[in-house]
Amino acid sequence: GLYELNPTENFSDPLKLIAGNPKLEQEISHYLAADFSSAFQGNFISTRVFWQQFNNFIQPFSFINDEGIFTTQTQNMGNVSQYGVQVKGSLKLHKMLTVNPYLKVFNIRSRTNRFAPEEDSENIAFESGLSALIAFKNNWSASFQVQYNRGLKYFQNETYNDALYFVSFEKSIKDRLKIGVTSAVPFKKSVTYQATDISGQNFQSHWEGNIQTNGFPVWLKLSYRFSSGKKVNIIHR
């Protein structure tokens, strides 16, 4: 990326310096997976076993320089391998309720090179998500979506966030017009959308970005769907 290659030093504050690295080498990745999927009684589920390898892994590298300034520079940190399982699907639990779960659990193993004096690391991470749709009578519907990741640690850096979830209520009018209301993370006045912990030689760093809300943020939604052109047969899945 442009900012990763740009060597210009950026002082976000007097004690913090960020710079890119024009000497970066290409990062090369390999991905191997085996899938199994099945459909039964209107339900669908897919499972995957995977392995992934990154060579010359590009990652921000942080250290305290001779002047006592916290410095971050993009580097080829070493090699990363990760393997695990992934499950996703669509399940009709009731004639009114459909659930779409997603879960990915994997092991991350980081091996440093000569550019990174940090120790090797290994940890378990997961990514998860769930969406649910409830269809009521008279074209009313309610939906719920949640997403949550944890344990994404590569070399020095571990990133995480709070669970992000949405609740929606909608009504369809004549299959074209749809009106609704959505609330994100209701009843929670502060949400961490991204946080980073950095563990280096002789220092620790913590950063987080938060969204402050009124406790019940609300969006009004209006959509209109139309089509034109030659009609084709609908594919039913």
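Residues numbered from 1 in each chain as written. Predicted model: local features only at pLDDT ≥ 70, side-chain atom pairs only at ≥ 80, totals over all residues. Heavy atoms only, no water.

## Quick look at the overall build of the chain
Move 1: Check the secondary structure of the chain and you find 1 helix and 15 strands.
Move 2: In terms of principal-axis extent, the alpha carbons of the chain reach across some 70 × 45 × 35 Å.
Move 3: Here the chain holds 237 residues, and the buried ones make up 31% of them.
Move 4: Counting contacts in the chain only where the partners sit at least 6 residues apart, residues at least 24 apart contribute 52% of the total.
Move 5: When the accessible surface of the chain is summed, it comes to about 16100 Å², and 57% of that surface belongs to carbon and sulfur atoms.
Move 6: The averaged location of the 19 negative side-chain charges in the chain is 22 Å from the averaged location of its 24 positive side-chain charges. (Helix = DSSP H or I, 4+ residues; strand = E, 2+ residues; numbered from the N terminus. Buried < 20%, exposed > 50% of the residue type's maximum accessible area, 1.4 Å probe, protein only. Contact = heavy atoms within 4.5 Å. Areas by Shrake-Rupley, 256 points an atom, 1.4 Å probe, with all protein chains shown as cover. Lys, Arg positive; Asp, Glu negative; His and termini not counted. Charge placed at Lys NZ, Arg CZ, Asp CG, Glu CD.)

## Remarks on unusual backbone geometry
Move 1: We note that Asn138 has phi near 60 degrees; this positive angle belongs to a residue other than glycine.
Move 2: Secondary-structure assignment places Asn138 in the loop between β7 (121-135) and β8 (140-150).
Move 3: Classification of Asn138 as exposed rests on a relative accessible area of 62%.
Move 4: The phi dihedral of Val185 is positive, around 35 degrees, even though this residue is not glycine.

## Things to note about the environment of Phe61
Move 1: Among the secondary structure elements, Phe61 is positioned in strand β4 (residues 43-64).
Move 2: Separated by 99 residues in sequence, Phe61 and Tyr160 place their C-alpha atoms 18 Å apart.

## Considerations on the environment of Lys188
Move 1: Structurally, Lys188 is set in the loop between β12 (177-184) and β13 (190-200).
Move 2: When the C-alpha atoms of Lys188 and Asn107 are compared, they prove to be 31 Å apart, with 81 residues separating the residues in sequence.
Move 3: Setting aside residues no more than four positions away along its own chain, Lys188 makes contact with Asp162, Thr213 and Gly215.

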